[in-house]
Each structure stands twice: as structure tokens, then as C-alpha cells.
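Working through the structure, step by step
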Amino acid sequence: MDSQPLFDLTPAVRLALLGVVLAAGPLAWVWLRHRGSDPATRLRALTWLTLFLTFDLVLFGAFTRLTDSGLGCPDWPGCYGSASPIGAREEINSAQAALPTGPVTPKKAWIEMTHRYLATGVGVLIIVITLASWALARRRQAVLSPWWATLTLVWVCLQGLFGALTVTMKLYPAIVTLHLLGGMGLLALLAGMGAAMRPEPLAMSASLRQACIALAALVVLQIALGGWVSTNYAVLACSDFPRCQGSWWPAMDFEQGFALQRELGAGKDGGYLPFAALTAIHYVHRLGAYVVLAVLALLAWRLHATGDAALRRWAVWLVAAALWQVASGLGNVLLGWPLWAAVAHTGGAAALVVLLSVMIVRASPSRAPAAPAGAARPAMRVLS
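Residues numbered from 1 in each chain as written. Predicted model: local features only at pLDDT ≥ 70, side-chain atom pairs only at ≥ 80, totals over all residues. Heavy atoms only, no water.

Turning next to a nonpolar patch on the surface. Together, Phe241, Trp249, Phe254, Leu287, Tyr290, Leu334, Leu335 and Trp340 make up an exposed nonpolar region whose accessible area comes to about 870 Å². Tracing the sequence through the fold places phenylalanine 254 in helix H8 (residues 254-257). In this structure phenylalanine 254 comes out as partly exposed when scored by relative accessible area, which is 37%. (Patch = residues over 30% accessible without salt bridge, like charges linked within 9 Å, V, L, I, M, F, W, Y side chains within 5 Å. Areas by Shrake-Rupley, 256 points an atom, 1.4 Å probe, with all protein chains shown as cover. Salt bridge = Lys/Arg side-chain N within 4 Å of Asp/Glu carboxyl O. Helix = DSSP H or I, 4+ residues; strand = E, 2+ residues; numbered from the N terminus. Buried < 20%, exposed > 50% of the residue type's maximum accessible area, 1.4 Å probe, protein only.)

Applying the stated criterion across every chain, the model contains two disulfides. Between the sulfur of cysteine 73 and that of cysteine 79 lies a disulfide, 2.1 Å long from S to S. Its S-S torsion of about -80° marks the bond between cysteine 73 and cysteine 79 as left-handed, since a negative value means left-handed. Cysteine 238 shares a disulfide with cysteine 244; S-S distance 1.8 Å. Where cysteine 238 bonds to cysteine 244 through sulfur, the torsion about that S-S bond is close to -70°, and the disulfide is left-handed. Residue cysteine 244 is classed as buried on the basis of its relative accessible area of 0%. (Disulfide = S-S within 2.5 Å.)

Moving on, we come to the packing of aromatic side chains. A full pass over the atoms with the stated rule returns five aromatic pairs. An angle of 40° between the planes, with centres 5.7 Å apart, marks the rings of phenylalanine 60 and phenylalanine 63 as tilted. Of this pair, phenylalanine 60 and phenylalanine 63 are both found in helix H2 (residues 39-66), three residues apart, which corresponds to roughly one turn of the helix. On the basis of relative accessible area, phenylalanine 63 is assigned to the partly exposed category, the value being 25%. A network of ring pairs unites the aromatic residues Trp249, Phe254 and Tyr283 as a single cluster. (Phe/Tyr/Trp six-rings, centres within 6.5 Å; stacked < 30°, edge-to-face > 60°.)

Counted by the stated rule, this structure contains two salt bridges. Among the salt bridges present, the one from arginine 116 reaches glutamate 112, with a minimum N-O distance of 2.9 Å. Of the two residues, arginine 116 and glutamate 112 are both situated in helix H4 (residues 106-138); the distance of four residues between them amounts to about one turn of the helix. Classification of arginine 116 as buried rests on a relative accessible area of 8%. Take glutamate 112: its relative accessible area is 5%, and that puts it in the buried class. The shortest N-O distance in the salt bridge between glutamate 200 and arginine 198 comes to 3.1 Å. Judged by relative accessible area, which is 41%, glutamate 200 ranks as partly exposed.

This paragraph deals with the packing of helix H6 (residues 173-196) against helix H11 (residues 339-362). Interhelical geometry of H6 versus H11 gives an angle of 35° and a closest axis separation of 8 Å. Judged by the twist between their axes, the crossing of H6 over H11 is right-handed. Residues Met184, Leu187, Ala188, Ala191, Gly192, Ala195 and Ala196 of H6 form the contact with H11, whose participating residues are Thr346, Ala349, Ala350, Val353, Val354, Ser357, Val358, Val361 and Arg362. Considered class by class, the residues forming the contact of H6 with H11 number twelve nonpolar, three polar and one charged. (Axes fitted to C-alpha atoms, helices over the stretch in contact; angles between N-to-C directions. Left-handed = near helix turned anticlockwise from the far one by under 90°. Contact = heavy atoms within 4.5 Å. Nonpolar A, V, L, I, M, F, W, Y, C, P; charged D, E, K, R; others polar.)

Okay, helix H9 (residues 275-305) next. For H9, with 31 residues, the first-to-last C-alpha span of 45 Å sits near the 45 Å given by 1.5 Å per residue. Phi turns positive one or two residues past the end of H9, at glycine 307, with a value near 85°. (Expected span 1.5 Å × (residues − 1).)

Another aspect to go through is the side chain of arginine 209. On the secondary structure map, arginine 209 appears in helix H7 (residues 206-231). The side chain of arginine 209 is buried and forms no salt bridge, while aspartate 308, the nearest opposite charge, is found at 15 Å. At 3.5 Å, the side chain of arginine 209 and the backbone oxygen of alanine 363 are in polar contact. Those residues within four positions of arginine 209 in sequence are excluded, and the remaining contacts are Met204, Ile360, Ala363, Ser364 and Pro365. (Lys, Arg positive; Asp, Glu negative; His and termini not counted. Polar contact = N/O pair within 3.5 Å; in protein donor to acceptor, adjacent residues only side chain to side chain.)

To continue, consider the packing of H2 against H11. Across the interface, H2 lies against H11 with an axial gap of 9 Å and an inter-helix angle of 150°. Taken together, the axis directions place H2 and H11 in an arrangement best described as roughly antiparallel. Of the two elements, H2 crosses H11, and the hand of that crossing is right-handed. Together, Trp48, Leu51, Phe55, Val58, Leu59, Ala62, Phe63, Arg65 and Leu66 of H2 and Leu339, Ala342, Val343, Thr346, Gly347, Ala350, Ala351, Val354 and Val358 of H11 make up the contact between the two elements. A breakdown of the residues in the contact of H2 with H11 according to their chemical character gives 15 nonpolar, two polar and one charged. (Parallel < 35°, antiparallel > 145°, perpendicular 65-115°, else oblique.)

Structure representation (C-alpha cells):
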């Protein structure tokens, strides 16, 4: 099989053009549906639609990883120097013939490239959001600082870089986990931006908002642990529940399990990662889940106890997301890590990120009720 450079920017222009074509559909839908609305309303609608598509992209990224398609095209951004697997048929068939059970097959190549196509389309939409935000700011019609959209654009570019490193560094566990966290961060930025454009604040006390922030931090840590479990294929290290391997504290190797600077499947001595390390990875994630669920239950109870109808609805959404996570997590363990349960578990984590991001932004102190008539109002909101 001919060697192929890990980075080949030759098909980049074609991928960019394809991203524009894919983004044209959502842009046309927003324009037609809100053609009689003001620019700020259209921008808000585009932001929420981009959030929805980014959520789908995160799920498809999980599907790509879980079907072992992350190296379906072992170079970046194209596939063996081509913009699609069609142009790389010979190389893909040769790679599959050389290693029939390897990572390169026509199906895996299409899954990997479809993920890249969708990511490019989302990137184009975020570029449009950024340009529109600055245009509204120049006309003094902005409801949100354009720097928020700019930060989101920078973030998605960094996310693309981590996507490239995921391929070129051959699924290096730390990079794959950071790529997952980057996707969740992009969801948080888009959800927060959409929430900040909504005029109605969420009547939440400072202590409740701080509790939401604390829960969000725990959720991010738990997602990082979950990504570490998935990328190290440690899900099946414990196939029973609530105990693991018939014990409440099985044999575990924390030092090797949580060594960040190592390749996939490798231990610190260069050999294979021991099973006790996989057990440690799995069990720490499970213990973290108990903490997150306890804090989430306490927050939901406090929200419900306020008596505020809106806060009670948010409590219900949080509990629903938590139950989804419990069900999909148990499904992974007890059913042998089926694909649907693994993708659903990622979706539940993404839903929690979106819910908490919207709650935190809408409850921001800067989003106080509108001032009385005649009082001065700021021209735009800032990052909160």
C-alpha cells in the first residue's frame, strides 16, 4: 500500500465548498421561515438551528468512534488525498485487502468522511453567525456581544484541529477525549448564545445559580471520565452492577489507567494496558456518576421547592436527562455495550450540557428584568 501523508490539504477547497452547500439548506430554511422578521430574530433562529445540528454532529461523532471508523480515512482532511471515498476506492480496497479486520474499509471511510462533511457544514453556519453578529453590532441592533460568536468560531476551529490530531495521532486517548470535550464546549457556547438572545430571564437565586455552575463543572469532569472509558474501551471491564467483577472494590491499577501520555492500549512500560487499569478507568467513572446524580437530585429538589412554575419545569428536564443517563449507562454495562446505548449515553451527556448552559445564562445577574420606561438601557448584552 502506498504511503499517504497524514496532512494533505489538497482536498480542503472541495471540502469547504461542500460545507457551503450543506449549510445552504439550513440558511435557506431560516430565511424562508423568518423572512418577515427582523435580523436579530433570524440570527436567533439560526443559532438555535445550528445548536440542533451541532448536537446531531456530536452524536454522529460518537457513532464514528464507536463503530471504529475514526481511522476509516487515515489522513486529513480528505481520504487518501481525495475529497471523498469514491476517489480513494483503490487505496481503501488495498488497505482492506492487506488488513481485512483493520480500521480501513469502504463503510468506515464513508462514516468518517460523512462526519467531516457535517462538521464542515456546521463550521460554515458558525462563520455566518459570526459575520451576522458583527453586522448587527455595527448597526447597533445587536442583542449580544459579537465577541461571543467570535469565541465560538475560534472554538470550532480548535475543534477541527483536534479532529485532525485524532486521525494523525492514531486515536491517542488524551486527544480523543479532548475532542469529545471540545464538542461539548461547542454545544455550551451555542446554547448559551441562544439563551442570551432570549429576552425573558430565569428568576433564580444566586445560590441556585451557583449550584447549577457546580453541577455543570461536575458534569464536564464526568464527561471527561466517560470519554476516557470509551476511548480506552474500558466499558466492559465491569459487566455487573452495582458491584464490579463481583466485588465492591475490584483490583485496580490507577497509575497506568490514568496515565495521559500513552498510546491507545499501551501501558507505561510499552506493553499492553493491564486489565486492572481498564477496571480502574471504568470504576472511577461509575463512582463519579453517583456523585453527579446526587448533586443533580439535590438541585432538582431545590428548584422544585421554589414553587416557581418555570424552575419546576427545569427540574423535570434535569431529572429526565439523569434518568436517561442511568438507563443508557446500565444498558452499556448489562447488555454488553450495544451501539444504540453507547450513542444514547453520549446524547444524554450532551443534553445535560445544553440544559445547564441555558439555565446558567438565563439566570445571569446581568439579565435582570427590564428597567422602567425612561431608564437607560445598554445597547447590547455582554458575555455572562
